[in-house]
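Residues per chain are reported as follows:
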Amino acid sequence: MSRQLALPFPHTTDFDDTPFLRAASNETALAWLDRGTWPHGRLLLWGEAGCGKTHLLHHWSRRRGATIIAGPQLQLEPPQQPIAIDDADLAPELALLHLLNAAAEAGLPVLLTAVHPPSRWRFEIPDLASRLRATAATEIGPAEDSLLRMLLARLLADRQLAVAEPVHDYLLRRLPRTPAAIREAVVRLDRLALAGGQRITRTLAAHVVTEILGADASFNHEDSDDSPVSVSPEACALV
């Protein structure tokens, strides 16, 4: 069999065409997004990398005709339509403050995402801290076993990778229990299978697991004792 060259083209996800995987860990966030209005016209989704924040942001933006802006690229421009800010915790503070004020004056909703809730952010502008800490914020929690299994199956199918069920089970047992680790594993499996012209076996899966566990200290099996509580839509409506 001839050896194929794995080209360095990133695999991108078309969020508009990819169904969102529903589970208990994201049901509160979905309930918030289904509401017609939010307190102060703002909602912040937060959670670990790969938990689905950006996916939900894209789906909401398509329904509402919102402009999507990456936090680091936010500029001092008045909004003309609903706004969705991905990685809002990386946005310039002054630009973010002006946008929130302008959106409030225009009656435009703003959806934001971040890894942590505003209570954990470090602010230099007190007015921005006040506005964000008054913003409804809900966590997309750690993924359940069923969600990780569905995610693995879908990511492999997206890349047209045929993987036997025992290899699925092996990956789910050995990989860190995060969507980010699952995504990274599928990317590496695809690259190795293409470069070597081989099918994905347990041996190849074990190689990828070893690479991931050794390459990034953020991938680990330890549970955190820090478990912030999500605010329900009903509770926040009473504030």
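Structure report, in brief. No experiment lies behind these values; they were computed from the predicted model shown.

### A few points about the pattern of salt bridges
Across all of its chains, the model carries six salt bridges by this definition. Among the ionic pairs, Arg188 bridges to Glu184, the shortest N-O distance being 2.6 Å. Of this pair, Arg188 and Glu184 are both found in helix α7 (residues 179–196), four residues apart, which corresponds to roughly one turn of the helix. Glu211 is the partner of Arg188 in a salt bridge, and the nearest nitrogen-oxygen pair spans 3.0 Å. Residue Arg188 is located in helix α7, and its partner Glu211 is located in helix α8 (residues 202–215); the two are separated by 23 residues in the primary sequence. Given a relative accessible area of 28%, Glu211 falls into the partly exposed group. Because the salt bridges share partners, they merge into one network encompassing Arg149, Glu165 and Asp169.

### Quick word on a positive patch on the surface
Together, Arg22, Arg62, Arg63 and Arg64 give the surface a local cluster of positive charge. On the secondary structure map, Arg63 appears in helix α2 (residues 53–64).

### Points about empty space enclosed by the protein
The final tally for this structure, using the stated rule, is two cavities of 30 Å³ or more. Approximately 130 Å³ is the volume attributed to the largest cavity. Along the wall of the largest cavity there are 14 residues; nearest its centre are Leu21, Cys51, Leu147, Leu151 and Arg183. Take the lining of the largest cavity: its biggest share by element is four residues, from helix α5 (residues 145–158). Taken together, the residues of the lining of the largest cavity break down into eight nonpolar, four polar and two charged. Here the second largest cavity is characterised by a volume of approximately 40 Å³. Forming the boundary of the second largest cavity are Ser25, Asn26, Cys51, Ile140, Gly141, Ala143, Leu147 and Pro179.

### Things to note about the packing of helix α3 (residues 93–106) against helix α4 (residues 126–133)
The geometry of α3 relative to α4 is characterised by a closest axis approach of 10 Å and an angle of 55 degrees between their N-to-C directions. The angle between α3 and α4 places the two elements in the oblique class. Remark: the crossing between α3 and α4 carries left-handed chirality. Counted together, Glu93, Leu96, Leu97, Leu100 and Asn101 of α3 and Asp127, Leu128, Arg131 and Leu132 of α4 form the full contact between these two elements.

### So, the pairing of strand β1 (residues 42–46)
For β1, the tally of buried residues reaches five of five residues, placing the bulk of the element in the interior. Of the two faces of β1, the one lined by Arg42, Leu44 and Trp46 and the one lined by Leu43 and Leu45 are each fully buried. By the bridge criterion, five bridges tie β1 to strand β4 (residues 110–114) in an arrangement that is parallel. Note that in β4 the partner of Leu44 across the bridge is Leu112. Here β1 runs beside strand β5 (residues 136–139); their pairing, made up of four bridges, is parallel.

### Describing unusual backbone geometry
Note: most residues except glycine have negative phi, and most peptide bonds are trans. The backbone of Asp87 shows a phi angle near 60 degrees, a positive value even though the residue is not glycine. Structurally, Asp87 is set in the loop between β3 (83–86) and α3. Phi at Gln160 takes a positive value of approximately 55 degrees, unusual for a residue other than glycine. Within the secondary structure, Gln160 sits in the loop between α5 and α6 (165–174).

### Notes on the nonpolar core
One finds Leu152, Leu171, Leu175, Ile182 and Ile200 to be the most contacted residues of the largest nonpolar core, which totals 27 residues. At the level of secondary structure, the elements contributing two or more residues to this core comprise α5, α6, α7 and α8. Examining the composition of this core, we find that six residues originate from one element, α5, more than from any other. Each residue touching Ile200, except ones within four places of it in the same chain, is listed here: Leu161, Val163, Val167, Leu189 and Ala193. Listed in part, the 22 residues of the second largest apolar core include Ile69, Leu74, Leu100 and Ala103.

### Concerning the sheet that holds β4
The strands making up a sheet are joined through hydrogen bonds of the backbone, oriented either antiparallel or parallel. Strand order across the open sheet formed by five strands is β2-β3-β4-β1-β5, with parallel pairing between neighbours. Strands with a single pairing partner mark the edges of an open sheet, and in this sheet they are β2 (67–70) and β5. The average angle at which neighbouring strand axes cross in this sheet is 20 degrees, direction not considered. Contacting β1, β3 and β4, α3 crosses the sheet at an angle of about 150 degrees to β4.

Procedures and definitions
- Residues numbered from 1 in each chain as written.
- Predicted model: local features only at pLDDT ≥ 70, side-chain atom pairs only at ≥ 80, totals over all residues.
- Heavy atoms only, no water.
- Salt bridge = Lys/Arg side-chain N within 4 Å of Asp/Glu carboxyl O.
- Helix = DSSP H or I, 4+ residues; strand = E, 2+ residues; numbered from the N terminus.
- Buried < 20%, exposed > 50% of the residue type's maximum accessible area, 1.4 Å probe, protein only.
- Patch = residues over 30% accessible without salt bridge, like charges linked within 9 Å, V, L, I, M, F, W, Y side chains within 5 Å.
- Areas by Shrake-Rupley, 256 points an atom, 1.4 Å probe, with all protein chains shown as cover.
- Lys, Arg positive; Asp, Glu negative; His and termini not counted.
- Charge placed at Lys NZ, Arg CZ, Asp CG, Glu CD.
- 1 Å grid on protein atoms, 1.4 Å probe; cavity = no way out; pocket = protein on both sides within 12 Å on 5 of 7 lines; lining within 4 Å.
- Points joined across faces, edges and corners; volume = space filled by probe spheres on them.
- Nonpolar A, V, L, I, M, F, W, Y, C, P; charged D, E, K, R; others polar.
- Axes fitted to C-alpha atoms, helices over the stretch in contact; angles between N-to-C directions.
- Parallel < 35°, antiparallel > 145°, perpendicular 65-115°, else oblique.
- Left-handed = near helix turned anticlockwise from the far one by under 90°.
- Contact = heavy atoms within 4.5 Å.
- Pairing = 2+ DSSP bridges.
- Core = buried A, V, L, I, M, F, W, Y, C linked by side-chain atoms within 4.5 Å.

Remember, this is a structural readout, not a statement about activity or role.
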